[in-house]
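What follows is the residue order along each chain.
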Amino acid sequence: MSEEPAVFRCHVIAENTEALREFVRETQPDLGCRPVVRDSRAGVGLDLYFRQDQLDRARAARSAPSVDITAVENVTENWRARKEEVGGGDRFADRDAVPHGVGRKE
């Protein structure tokens, strides 16, 4: 089984909203559940999600010089670490047991 590429949460800052819109249009990132544009001293910023290959292409995009892209966290790595914390088995199998693990819908 091949490993999925890492997904990164990136903070992208542009001088203005039009530059940010153009970058998003061109690169087509995952915007997450509720994208929120925030003002900053450098312009306007937005958190976007890119797979590693998408991030490489986004940094080489035509509109990339008008934005500053900062990788904030490796979401995949964090997910794997959290997944290791979860116990195995069916946490609802025994009604008297303290729940642990992912559980199984029946």
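What comes next is a walk through the structure.

Right, let's get into the pairing of strand β1 (residues 7-14). For β1, a buried count of six out of eight residues is recorded, marking the element as mostly surrounded by other parts of the structure. As defined by bridge partners, β1 adjoins strand β3 (residues 43-51) across eight bridges and the pair is classed as antiparallel. Looking at β3, one finds that R9 is bridged to Y49. Across seven bridges, β1 lies against strand β4 (residues 67-74) in antiparallel orientation. Each bridged residue has a counterpart across the sheet, and for C10 the counterpart in β4 is A71.

What helix α1 (residues 17-27) keeps buried is the set A19, L20, F23, V24 and T27. Mapping the buried residues of α1 onto a view down its axis gives an arc of 135 degrees, with all of them on the same face. Those residues of α1 that are buried are in contact with β1, β3, α2 (52-59) and β4. If you check the start of α1, you find a side-chain oxygen 3.2 Å away from the backbone N of E18, and it comes from N16. Where α1 terminates, the next one or two residues include Q28, which has phi positive at roughly 55 degrees.

Procedures and definitions
Residues numbered from 1 in each chain as written. Predicted model: local features only at pLDDT ≥ 70, side-chain atom pairs only at ≥ 80, totals over all residues. Heavy atoms only, no water. Buried < 20%, exposed > 50% of the residue type's maximum accessible area, 1.4 Å probe, protein only. Helix = DSSP H or I, 4+ residues; strand = E, 2+ residues; numbered from the N terminus. Pairing = 2+ DSSP bridges. Arc of directions from axis to C-beta. Contact = heavy atoms within 4.5 Å. Polar contact = N/O pair within 3.5 Å; in protein donor to acceptor, adjacent residues only side chain to side chain.

The values reported here are purely geometric and, on their own, carry no functional implication.
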